[in-house]
Amino acid sequence: MTPTELAEKLHAKDIVLLAGRLLLSLIFVHEGLQLATHFEGAQKAMSALGVGTPLLIATILLQLGAGLSVALGILARLGAIELGLFCLTTASLFHTNFASQNELLHFEKDLAIAGGMFILALSGAGKLSMDRVLTGFAKDTKIDPPIERHLSVGETSLPV
């Protein structure tokens, strides 16, 4: 048995996608909960950066909504795109003081997380996702959705 066959038999791709989704989403769900549960302090800190209350609320909703979307695999591609764009925006607006090693590190981490989110948006959530479960229940059939086509097989648009 080749390593590829073994990985397929063990569903390694889906397990790795699940682990990756959980790891990527953890920071957003945690931060969204922190901002929500410490709203007054977050509001003061954000206003010092020029971020108003409506944008703070939108940030909390985005982090929790898209974070849970990625973690659970419900519209994970859309959630990943949203969080990837959020990371690019955050990096370019708030972490550009490269004289500070800490700010440079935050800038680089935001870029890395955005890259991971965009890869997830292209690959999809995998078989271990709520979308797959819900699709199976909605169709009242086995939980075996159609095989995903990959960009390497001629697809030229983002499969959202």
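Residues numbered from 1 in each chain as written. Predicted model: local features only at pLDDT ≥ 70, side-chain atom pairs only at ≥ 80, totals over all residues. Heavy atoms only, no water.

Description of the overall build of the protein chain
Stage number 1. On a plain count of helices and strands, the protein chain comes out with seven helices and zero strands.
Stage number 2. Of the regular secondary structure in the protein chain, the N- to C-terminal order runs α-α-α-α-α-α-α.
Stage number 3. Put simply, the protein chain has 160 residues, and 31% of those count as buried.
Stage number 4. Summarising the internal contacts of the protein chain: among those between residues at least 6 apart in sequence, 65% fall at separations of at least 24.
Stage number 5. Roughly 10,200 Å² of accessible area belongs to the protein chain as shown, and the carbon and sulfur atoms make up 69% of that amount. (Helix = DSSP H or I, 4+ residues; strand = E, 2+ residues; numbered from the N terminus. Buried < 20%, exposed > 50% of the residue type's maximum accessible area, 1.4 Å probe, protein only. Contact = heavy atoms within 4.5 Å. Areas by Shrake-Rupley, 256 points an atom, 1.4 Å probe, with all protein chains shown as cover.)

Here we look at the nonpolar core
Stage number 1. Ranked by internal contacts, the top residues of the largest apolar core, which has 15 residues, are Phe28, Val70, Ala80, Leu83, Ile113 and Met117.
Stage number 2. Looking at this core, the elements that each hand over two or more residues are α2 (12-37), α4 (53-72), α5 (76-94) and α6 (101-123).
Stage number 3. With residues near it in sequence (within four places) discarded, Val70 still touches Arg21, Ser25, Ala76, Gly79, Ala80, Leu83, Met117 and Leu120.
Stage number 4. In this structure, Leu35, Ala42, Met46 and Leu56 belong to the second largest nonpolar core, which totals six residues. (Core = buried A, V, L, I, M, F, W, Y, C linked by side-chain atoms within 4.5 Å.)

What to know about the environment of Leu128
Stage number 1. Looking at the secondary structure, you find Leu128 in the loop between α6 and α7 (130-139).
Stage number 2. Expressed as a C-alpha distance, the spacing of Leu128 and Leu72, which sit 56 residues apart in the sequence, is 8.8 Å.
Stage number 3. Residue contacts for Leu128: discarding those within four places in its chain leaves Asp14, Ile15, Leu18 and Arg21.

Section: the environment of Ile119
Stage number 1. Tracing the backbone through its elements, the reader meets Ile119 in helix α6.
Stage number 2. Taking C-alpha positions, Ile119 is 9.3 Å from Ile81, a pair spaced 38 residues apart along the chain.

Remarks on the confidence of the model for the protein chain
Stage number 1. Of the residues in the protein chain, 84% reach a pLDDT of 70 or more, and the chain-wide mean stands at 88.
Stage number 2. Model confidence for the protein chain, summarised as mean pLDDT per element, is weakest for helix α1 (residues 3-9) at 75 and strongest for α4 at 98. (pLDDT = per-residue confidence, 0-100.)

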